[in-house]
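Structural features, examined
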Amino acid sequence: MTVDYDYLLAGGGAAGLSLAYHISQEPRLRHKRVLLLEPAAKDQNDRTWSFWTDEPTLFDAIVAAEWRQLAFRSPQLDVVRPLQRHRYCTVRGIDFYRFVRAELAKRPEQFTWVPTTVDSLENGAMGVVACTPQGEFTARYAFDSRPPQLLHDPKYRYLWQHFVGWEVETDYDAFDPDTPVFMDFRVPQGHECRFVYVLPFSKRRALVEYTLFSGAQLPRHEYEDALRLYLQAFLAGRTYRIIETEAGAIPMTDQPFADRSGTNIVHLGTRGGRVKASTGYAFRRMQQHAARLTAALAATGRLPADLTGDQWQFRLFDTLLLDIMQRQGETTRDIFAELFAHNPVERILDFLDERTSWADNLRIMNSVKPWPFLRSIGHVLRGRPGKRRIS
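This section reports on the structure supplied with the text.

About the criteria used
Residues numbered from 1 in each chain as written. Predicted model: local features only at pLDDT ≥ 70, side-chain atom pairs only at ≥ 80, totals over all residues. Heavy atoms only, no water. Phe/Tyr/Trp six-rings, centres within 6.5 Å; stacked < 30°, edge-to-face > 60°. Helix = DSSP H or I, 4+ residues; strand = E, 2+ residues; numbered from the N terminus. Buried < 20%, exposed > 50% of the residue type's maximum accessible area, 1.4 Å probe, protein only. Lys NZ or Arg CZ within 6 Å of the ring centre and 35° of its normal. Polar contact = N/O pair within 3.5 Å; in protein donor to acceptor, adjacent residues only side chain to side chain. Patch = residues over 30% accessible without salt bridge, like charges linked within 9 Å, V, L, I, M, F, W, Y side chains within 5 Å. Areas by Shrake-Rupley, 256 points an atom, 1.4 Å probe, with all protein chains shown as cover. Salt bridge = Lys/Arg side-chain N within 4 Å of Asp/Glu carboxyl O.

What about the packing of aromatic side chains?
Applying the stated rule across the entire model yields 32 aromatic pairs. Between the aromatic rings of Tyr7 and Phe143, the centroid separation amounts to 6.1 Å while the plane-to-plane angle is 75°, which identifies the pairing as edge-to-face. Of this pair, Tyr7 sits in strand 1 (residues 5-10) while Phe143 sits in strand 11 (residues 135-144), and the two are 136 residues apart along the sequence. Ring geometry for Phe59 versus Phe99: centroids 6.1 Å apart, planes at 70°, classification edge-to-face. Here Phe99 lies in helix 2 (residues 93-105) and Phe59 lies in the loop between strand 3 (48-53) and strand 4 (63-67), a separation of 40 residues in the sequence. Residue class for Phe59 comes out buried when judged on its relative accessible area of 1%. What makes Phe99 partly exposed here is its relative accessible area of 23%. Clustering of aromatic rings is evident, with ring pairs tying together Trp52, Trp67, Phe72, Tyr88, Phe182, Phe185, Phe195, Phe201, Phe213, Tyr281, Phe336 and Phe340. The aromatic ring of Phe201 is capped on one face by Arg92, whose charged end is 4.8 Å from the ring centroid.

Points about the side chain of Asp6
Tracing the chain through its elements places Asp6 in strand 1. You can call Asp6 buried: its relative accessible area is 15%. Here Arg33 takes part through its backbone nitrogen, which lies 2.7 Å from a polar atom of the side chain of Asp6.

Side note on a nonpolar patch on the surface
Together, Trp312, Leu316, Trp358 and Val380 give the surface a local cluster of nonpolar side chains, amounting to about 410 Å² of exposed area. By relative accessible area, Trp312 is classed as exposed at 52%.

See below:
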């Protein structure tokens with residue numbers, strides 16, 4: 001018995017398409033047959049991904065904008081930090097989808113797309129079996145990026161990173177095109193972690209996004225009301241036009257995401273724990289995961305023994321920050337203000353990228369007030385999340 005394909009991708013969003021593109025760029029895998037199962041090709045600019053990097057990427061050709069400095073703003077601290085090694089980049093969803101699909105279309109003998117959902121994905125005698133409304137498909141390995149089903153466990157913390165963003169345009173110079181606002185905490189916190197994020201594409205156009213970390217999502221009008229208030233203050237009451245909108249909600253939890261299902265099914269994207277639990281950044285992590293998998297398949301024909309390369313200490317740091325956000329989310333503002341006040345921005349970015357040494361991790365922890373983290377360590381040791389005290 002033989003399988004239909006070498007690799008099967010269940011899901012054609014950012015994670016699935018990233019892996020497909022990495023495979024397409026690896027000469028040693030050109031003979032491998034790849035099946036992509038996705039109900040419909042994405043044809044709208046449904047999201048924007050931002051990331052920082054200190055090296056070239058496979059998607060530099062479609063970077064919509066990049067910057068060499070970042071602004072951080074809060075009631076305690078308002079600074080602009082230049083970037084030495086890194087650049088901060090933004091990729092539009094529609095540009096990414098079109099770019100990857102165009103590349104895959106150049107290799108019709110290697111890549112096949114079937115517009116369908118995946119009802120089940122199981123390990124079989126020769127690899128994996130995918131059951132779909134279009135029939136069964138078999139492959140040596142499957143890579144599953146379908147949204148995960150979270151079953152809440154009282155041992156873990158569960159929040160949402162949820163947001164609404166407006167791309168706005170003005171008839172006058174309103175934005176500094178050299179300086180994105182990484183976080184602006186000068187908005188009412190509502191006992192939660194809330195900030196505004198600004199990506200200036202020109203002096204007259206920017207993406208302005210209202211972001212929250214909390215246990216419950218809001219009615220749409222509350223995000224929009226907050227954006228109106230922010231823009232009214234930011235633009236001193238002058239007019240603007242909304243060109244595009246985006247919205248989303250990302251699960252933020254320290255509940256472990258399995259990196260695989262059995263021997264031959266690898267999890268990608270959110271399902272594979274590629275969303276950074278304490279920040280929500282995912283695009284760069286998905287590229288690193290795809291590169292790791294592709295390199296192993298090209299070198300050995302097999303999956304790597306360690307699928308992700310994650311380090312336990314960074315998972316602990318994520319847990320501690322999630323615990324603080326869940327107990328007393330408004331203090332997140334003070335923690336990030338302390339980080340930016342007492343650390344080079346490159347160290348902060350490396351820390352959030354999980355690339356810092358133990359010495360730098362200690363410097364990071366020593367730069368913030370210890371009490372919130374000590375309380376969270378106690379909750380971790382007791383095996384239960386902390387709860388907000390109602391005053």
